[in-house]
Amino acid sequence: MKTSVRNNLGKLLAKTLIKSGVVKRAAQRVQRGEYILSLCFHAPSKAFFESCIDWLSKNGFHFISVCEIERIINKEKAFPNGAVVITIDDGWQSNLDNIVPVAVQNEVPVAIFVSTEVVEKGSGYWWSYIMEARKMGLSKESVEFFKTLDNEDRIKIIEETKSKIQIKREALTIDQVREISKNKYFAIGSHSVSHPILPRCSNTESKYEIEHSKEIIEEWIGKDVKHFAFPNGDYSNREISFLKRFGYTLAFSTEQKYLTKEKLAHRYCLPRFMMVEGASFEENICRIVGVWPLKPKKRKIVYP
Ligand SMILES: [Zn+2]
C-alpha cells in the first residue's frame, strides 16, 4: 500500500476513534493509572506539534520536564498521574520555528537532545546523505543497512558519499542551541557527537561520543548536561557504564512504552513513544493512548 494512501486511511480511522470517545476513555485510563506519557519528536511541522500539545492540554494531561522526571526517580517528587514529558531528538534547525514558539506559548517544558558534530560542522545528518545517494541512484543501500555496520566502516562510506553530495545545514547552530538553552522551558541534553549506533562503536569511540558531547554542550551553554538520549535508541551495558562514569544521571531509549514506577527504576534506559511525524496527528494520538490497531512498520520514514 502506498504510504500516502495508508496515511489517509489511518487518519480517517483515527478520526473515527477519536469521535467515538474511545480515545478519550483510553486517555483517562492513562491518567488514572500510574503512567507518565513519554514522547519523542524529531522535526515535526509547527501544525503537527501544535495539534499534539493542544490535544494533550485539552484532555487533561499536564507537562513535566526531564528534570522533574529525575526528581521523581530520586523520590524528591511524588509520581504524578496524567503527566507527559516532551523530548526532541537530534536538534533539527526546524525546531527553532516549529517547536520553540509553541512550547513557550503553551508553557511546555521541552528537552532537546543534540548531536554536537552536525551542529558544529553545519552539514546534514549522516542518514540524509545515504537517502540522497539512493535518490540520485549513487547507492542502493538503505539507512537501516548502515546501522548494522561497524562504526568505522559506516564512517568510511559516509565520508565518501559526502564528497559527492552537498546537503545544507540540517541542525541548529551553536548560537541557536545556546539561545534556546537560556529559555526557561528548554533543557539541552546530549545525543552523542556523531549520532553513531553506539553498540557498533569501539570502546574508544563509544567513550568519546558520550564524554566529549557532554563537555562540548556544557561549554556552549555554560550549564551542566546530565541527560542523554541514545542515538537510534541503541545501547549496551558498556554505554550505561560510560554514562555513569561521566556524570549523566538518566538516559532515554526508544522503547515504545509508558514510564511507570518500574521503568523509572532503570534510569539509564527510560522508554519513549516515537511520534510518527509522517502520519497524521490523530493517528499518533490513538497510538500513544494505546488504541491504535495498525502497525506503522512499512512506513518509509527513518527515525534515527
Ligand atoms: Zn537521533
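What you see is a predicted model; the values in this text were computed from it and never measured. (Residues numbered from 1 in each chain as written. Predicted model: local features only at pLDDT ≥ 70, side-chain atom pairs only at ≥ 80, totals over all residues.)

Focus on helix H13 (residues 237-245)
Part 1 of the argument: Inspection of H13 places Glu239, Phe242 and Leu243 among the buried residues, and these make up the whole buried set. With its buried residues spanning 100 degrees around the axis, H13 presents them on a single face. Facing away from the buried surface of H13 by more than 90 degrees, the exposed residues are Asn237 and Arg245.
Part 2 of the argument: Next to the buried residues of H13 lie helix H12 (203-221), strand S6 (227-229) and strand S7 (250-252).
Part 3 of the argument: Of the residues flanking the end of H13, it is glycine 247, one or two places downstream, whose phi is positive at about 90 degrees. (Buried ≥ 20, exposed ≤ 12 C-beta atoms within 10 Å, placed from the backbone. Helix = DSSP H or I, 4+ residues; strand = E, 2+ residues; numbered from the N terminus. Arc of directions from axis to C-beta. Contact = placed C-beta atoms within 7 Å.)

Quick word on the domain arrangement of the protein chain
Part 1 of the argument: Annotation of the protein chain at the domain level lists domain 1 (3-124 + 168-288) and domain 2 (125-167).
Part 2 of the argument: Between the C-alpha centres of domain 1 and domain 2 there is a distance of 25 Å.
Part 3 of the argument: Counting from both sides, the interface comprises 14 residues of domain 1 and, opposite them, 9 residues of domain 2.
Part 4 of the argument: In terms of residue class, the side of domain 1 that touches domain 2 is built from 4 nonpolar, 5 polar and 5 charged. (Domains from an automatic or database assignment. Nonpolar A, V, L, I, M, F, W, Y, C, P; charged D, E, K, R; others polar.)

Thoughts on the packing of helix H3 (residues 46-58) against helix H15 (residues 281-288)
Part 1 of the argument: With their axes 10 Å apart at the nearest point, H3 and H15 run at an angle of 40 degrees to one another. In terms of axis orientation, H3 runs oblique to H15. Crossing handedness for the pair H3 and H15: right-handed. Note on element contacts: H15 touches H3 through Phe281, Asn284 and Ile285, opposite Phe48, Ser51, Cys52 and Trp55.
Part 2 of the argument: Class assignment for the residues of the contact of H3 with H15 results in 5 nonpolar, 2 polar and no charged. (Axes fitted to C-alpha atoms, helices over the stretch in contact; angles between N-to-C directions. Parallel < 35°, antiparallel > 145°, perpendicular 65-115°, else oblique. Left-handed = near helix turned anticlockwise from the far one by under 90°.)

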